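These are the residues of each chain, in order.
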Amino acid sequence: MLKLPIYLDNNATTPLDPRVLEAMMPYLTDVFGNAASRNHPFGWAAEEGVDYAREQISKLINCDAKEIIFTSGATESDNLGIKGVFEMYSQKGNHVITATTEHKAVLDTCKHIEKLGGRVTYLPVDEKGLISLADLEAAMTPQTILVTIMYGNNETGTIQPIREIAKIAHAHGALFMTDGTQAVGKIPVDVLADGIDIMAFTAHKMYGPKGVGALYVRRKNPRVKVTAQMDGGGHERGMRSGTLNVPGIVGLGKACELARLEMDADTARLSAMRDRLEKELTTLEESYINGSVEHRLPHVTNISFKYVEGEGLMMGVKDLAVSSGSACTSASLEPSYVLKALGLSDDLAHSSLRFGLSRFTTDEQIDYAIGHVKEAVTKLREMSPLWEMFKEGVDLSKIEWAEH
Amino acid sequence: MAYSDKVIDHYSNPRNVGTLDKSKKNVGTGLVGAPECGDVMRLQIEVDEATNTITDAKFKTFGCGSAIASSSLATEWLKGKSIDEALAIDNMEIVEELALPPVKIHCSVLAEDAIKSAISDYRVKNGLPALELSHH
């Protein structure tokens, strides 16, 4: 029996894998010590759990266990990476390069450093959501201390050419940071091979718990340091103070281990389901896939259904938990800035749905989702005056719409 | 956002979706809103010229659940009303009936505009001056 609604919003967060919960349980009960307590077994046991998690994490992203700085999540990691570099390398320069389709945790942090005298270049993206390497090259200056470009986009799944970006950054003596929130645990991310100096990621996008994330900070070639944004006991090699969230960290470690062991199988299964969902839904007329189909995370698709309004569509697909490109929180609609950056018109951005699949998504759920979305889009189009005009061959751009 | 039961009912079972023959002299058509604003309503009325009574009303709406419900409700209310009674429909009556939250009041405003715009179109077709449409 299919349970409704079906959760297909796994780019927002994933459910906790029961095996992760199992690993965490002892640390929520008996093993409650403070990992920084060096003089009794309670502390040692906690520290052991944390150290083991560092190993598990470092194996997933191919780094040294000492290069992991634990934080409260990807937002904090993004903040620490960008602000930390901006402060630490202020003698060298004040210029940061990022892209318009980054997560708000990066964009708003960049806005913040602009207020502190930093200079930020926001690179545009093409219709696939990819930055241009020529644009990046042209934006580099002797004052550029950091290039921060996300690995995979949260709305479209588009994967940036990370290795090429890292090469350009390094050729100009800048550090390369990436927001790996959506990519780590989903696709192979190798900080050494990719040339990543700093990387933010989080547990709850890969079947781990909420409230725990990490910042990878390279220790060799070059040795990177970030100025702490949280002052206190000097935890995490002085870069992030605060008592460690031991159960969360153990959960992140276990989630990384599972991701490493099951990635190939998960990717094969999820991309097959995603492709089937996408193929079926794009049999609807006037439906468009947003972002790059070639360079994309395996579990995501973002589709616009023209002549159907986003919020009405969300209401029509009430049996699915999905995200829409329309952030209609007030009388004024705000279409997704990511989709707008890809060049989508407001109405197409509004009419988009993002599907994010997970390890726990089943074929039966995808079958239901296909039927449910098709039915909702068809019903809303029958009700849509724009669809009728389109069918009659009316050019909607030629109509003088009454603003209200 | 939580929708009221009445909005959900109109959204799930919209009344009077469809198209009237706009070439007929006794059919008035109102098309209001704009695609980039997220709502477009088309509301049509068919008038019995002898009695000045609205005998049929149809709508098609591109918009959120509240916009669809507002126009669906409007068509229900219009049927059987005289033109003057229809002109007296105030958007706040729609707000009350559907229990629309403040951020959705613009949907009711659009429905009222659509009613007035359809009546105005009917008037013009029948040699009467257009209505002064007050834009909210």
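Definitions and limits used
- Residues numbered from 1 in each chain as written.
- Chains lettered and ligands numbered in written order.
- Predicted model: local features only at pLDDT ≥ 70, side-chain atom pairs only at ≥ 80, totals over all residues.
- Helix = DSSP H or I, 4+ residues; strand = E, 2+ residues; numbered from the N terminus.
- Rg over C-alpha atoms; globule rule 2.2 N^0.38 Å.
- Contact = placed C-beta atoms within 7 Å.
- Buried ≥ 20, exposed ≤ 12 C-beta atoms within 10 Å, placed from the backbone.
- Nonpolar A, V, L, I, M, F, W, Y, C, P; charged D, E, K, R; others polar.
- UniProt positions renumbered as here; feature names shortened; annotations may be inferred.
- Expected span 1.5 Å × (residues − 1).
- Pairing = 2+ DSSP bridges.
- Axes fitted to C-alpha atoms, helices over the stretch in contact; angles between N-to-C directions.

(A) The overall build of chain B, seen in detail. What chain B contains, in helices and strands, is five helices and three strands. Computed over the C-alpha atoms, the radius of gyration of chain B is 14 Å, within 12% of the 14 Å expected from 2.2 N^0.38 for a compact globule of 136 residues. Taken over the C-alpha atoms alone, chain B extends approximately 45 × 25 × 25 Å along its principal axes. Summarising the internal contacts of chain B: among those between residues at least 6 apart in sequence, 60% fall at separations of at least 24.

(B) Up close: the overall build of chain A. Helix and strand counts for chain A come out as 13 helices and 15 strands. In terms of overall dimensions, chain A is globule-like: its C-alpha atoms have a radius of gyration of 22 Å, near the 22 Å expected for 404 residues. A principal-axis box enclosing the C-alpha atoms of chain A has dimensions of 75 × 55 × 35 Å. Within chain A, the proportion of its 404 residues that are buried is 53%. Sequence-distant contacts, at least 24 apart, represent 73% of the contacts inside chain A between residues at least 6 apart.

(C) Geometry of the interface of chain A and chain B. Across the contact, 23 residues belong to chain A and 27 residues belong to chain B. Only helix H9 (310-316), helix H11 (346-350) and helix H13 (385-391) of chain A provide two or more residues apiece to the side of chain A that touches chain B. Here the residues of the side of chain A that touches chain B sort into 11 nonpolar, five polar and seven charged.

(D) Looking closely at the environment of lysine 104 of chain A. Along the chain, lysine 104 of chain A falls in helix H4 (residues 104-115). Between the C-alpha atom of lysine 104 of chain A and that of serine 324 of chain A, which follows or precedes it by 220 residues, the distance is 17 Å.

(E) Just the UniProt feature "domain: NIF system FeS cluster assembly NifU N-terminal" (unreviewed entry) in chain B, in detail. With numbering aligned to this structure, UniProt lists the feature "domain: NIF system FeS cluster assembly NifU N-terminal" (unreviewed entry) at residues 2-126 of chain B. The straight-line gap between the two end C-alpha atoms of residues 2-126 of chain B is 43 Å; of that span, 45% is helix and 22% is strand.

(F) Representation of helix H3 (residues 74-88) of chain A in the model. Helix length check: H3 of chain A (15 residues) gives 20 Å between terminal C-alpha atoms against 21 Å at 1.5 Å per residue, within 8%. Most of H3 of chain A sits out of view: 13 of its 15 residues are buried.

(G) Expanded view of the sheet that holds strand E2 (residues 39-48) of chain B. All names here are of chain B. Strand order across the open sheet formed by three strands is E1-E2-E3, with antiparallel pairing between neighbours. Either end of the sheet is taken by a strand with one partner, and the two such strands are strand E1 (27-34) and strand E3 (53-62). Neighbour to neighbour, the strand axes of the sheet diverge by 15 degrees on average, direction disregarded. With eight bridges connecting them, E1 and E2 associate as antiparallel partners. Paired with valine 27 across the strands is glutamate 46, a residue of E2. Lying on the sheet, helix H2 (residues 65-78) is in contact with E2 and E3; it crosses E3 at an angle near 170 degrees.

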